[in-house]
Amino acid sequence: MKDFDGSNSARQGQVVILGGSAEARDLAARLDGRSRLWLPARDRMTGQGASDHAALMELVLTADALVLAPHPCDVASLHLGARVAEQAGVQCLTLTRPAWRPTPRDTWIPLRSARDAAFAIPAGSRVLVTLGRPSLHDMRALRHAHLFVRQLTAHNDPFPMKYGRYLHGIAPFTEAQEIALMRRFRIDAVLTRNAGGPGGWPKIAAARRLGLPVYMVTRPRVTTGPVVNTVDAALDWVKERVWLDV
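Residues numbered from 1 in each chain as written. Predicted model: local features only at pLDDT ≥ 70, side-chain atom pairs only at ≥ 80, totals over all residues. Heavy atoms only, no water.

## A word on the sheet that holds strand β8 (residues 164–168)
Selection criterion: In this analysis, strands are considered paired if DSSP registers two or more bridges between them. Secondary structure follows DSSP: runs of H or I at least 4 residues long count as helices, runs of E at least 2 residues long count as strands, and numbering of each begins at the N terminus. In this description, a line fitted to the C-alpha atoms serves as the axis of each element, helices being fitted only across the stretch in contact, and the angle between N-to-C directions of two axes falls anywhere from 0 to 180 degrees.
Read from one edge of the open sheet, 6 strands run β5-β10-β9-β6-β7-β8, paired in parallel fashion. The sheet is open, and its two borders are formed by β5 (108–111) and β8, each paired with just one other strand. For this sheet, the mean angle separating the axes of adjacent strands, direction not counted, is 20°. Direction of pairing for β5 relative to strand β10 (residues 214–217): parallel, over a ladder of 4 bridges.

## Some thoughts on the side chain of Arg219
Which entries qualify depends on this criterion: Relative accessibility thresholds used throughout: buried, under 20% of the residue-type maximum; exposed, over 50%; partly exposed, between the two (1.4 Å probe, protein chains only). Only four residue types enter the charge count: Lys and Arg as positive, Asp and Glu as negative, with His and the chain ends excluded. In what follows, salt bridge is the name for a side-chain nitrogen of Lys or Arg lying within 4 Å of a carboxyl oxygen of Asp or Glu. What qualifies as a polar contact is a pair of N or O atoms within 3.5 Å, subject to a donor-acceptor requirement within protein and to the restriction that residues adjacent in sequence count only when both atoms come from side chains.
Relative to the helices and strands, Arg219 is located in the loop between β10 and β11 (227–228). No salt bridge is formed by the buried Arg219; the nearest opposite charge belongs to Glu23, separated by 7.8 Å. Of the polar contacts made by the side chain of Arg219, one reaches the backbone oxygen of Arg97; its length is 2.7 Å. Polar contacts involving the side chain of Arg219 include one to the main-chain carbonyl oxygen of Pro98, which spans 3.2 Å.

## Observations regarding unusual backbone geometry
A cis amide bond, omega 0°, links Ala171 with the succeeding residue Pro172. Relative to the assigned elements, Pro172 resides in the loop between β8 and α5 (175–184). Unusually for a residue other than glycine, Asp32 sits at a positive phi of about 55°. Here Asp32 is to be found in the loop between α1 (22–31) and β2 (35–38). Residue class for Asp32 comes out exposed when judged on its relative accessible area of 53%. In this model, Arg186 sits at a positive phi of 55°, which is unusual for a non-glycine residue.

## Quick look at the sheet that holds strand β1 (residues 15–18)
Here is the rule we go by: Only heavy atoms enter the contact rule, under which two residues are in contact if any of them lie within 4.5 Å.
Taking strand neighbours across the sheet as the criterion, the 5 strands line up as β2-β1-β3-β4-β11 in an open arrangement whose pairing is parallel. Both edges of this open sheet fall to β2 and β11, since each of them pairs with a single strand only. The strands that helix α2 (residues 52–60) touches are β1, β2 and β3 (65–68); relative to β2, the one it contacts most, it runs at about 180°.

## Re α2
Residues Ala55, Leu56, Met57, Leu59 and Val60 constitute the buried set of α2. The elements touched by buried residues of α2 are β1, β2, β3 and α3 (75–88).

## Comments concerning the packing of aromatic side chains
Our working definition: Note on aromatic contacts: the rings of Phe and Tyr and the six-membered ring of Trp form a pair at centre separations within 6.5 Å, being stacked when their planes are under 30 degrees apart, edge-to-face when over 60 apart, and tilted otherwise. Any Lys NZ or Arg CZ found within 6 Å of a ring centre and within 35 degrees of that ring's normal is scored as a charge over the ring.
A complete count under the given rule lists 3 aromatic pairs for this structure. Judged by centre distance (5.5 Å) and plane angle (45°), the rings of Phe148 and Phe185 are tilted. Taken as a pair, Phe148 in strand β7 (residues 146–151) and Phe185 in the loop between α5 and β9 (189–193) lie far apart in primary sequence, 37 residues in all. Take Phe148 and Phe185: they sit in the same class, and that class is buried. Directly above the aromatic system of Phe173 lies the positively charged group of Arg150, at a separation of 3.9 Å from the ring centroid.

In structure tokens, the structure reads:
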């Protein structure tokens, strides 16, 4: 399915899906021609067109419903989708996979944001960071730790923090790979977001196996419209609220 990138005004389908997650693509595939998958600018493979707000609004005005299914920790996209749904007056559903939950074997330190890491992580810590490069701006005060920041896209950009480096890798990673990486770089803490799902879980399992603390940035709260946790539940909502609401 071709992603709508804001550079045209094709009017296809009755449901717009604001994507960014695996669940969004799964839902779009299962709805087939009755949906349109739209991606935020940073997730597109095609060129930039109008602003995200204008481009999404143009598409939603031709639809019967909007499903918000960005990455579970993508606050900006959640806010954008909720605002567009309200302004366009369309039905809105949020599809977000369940969050991870700690067990008695885990040591998680909850953080409200990446900025709070500077106050929670002890000096001299060697930290595996999987928050993405944009989050480094919010971690400028974390100058007292060695940061090993995972990057899924290879580049030669200089590392912007005082101590640390980028670690380039190709996902998905296994638990064994994560354990090996943590031992190689003598990692003693993990800093990540509660993304949920199986893709990012191996690093959490590895930290558990090695007895390492995980500094977990909590998810943003979703406050607009109904919320479901599975693609099947989203399909049921679409069938009930859109296809039968005529």
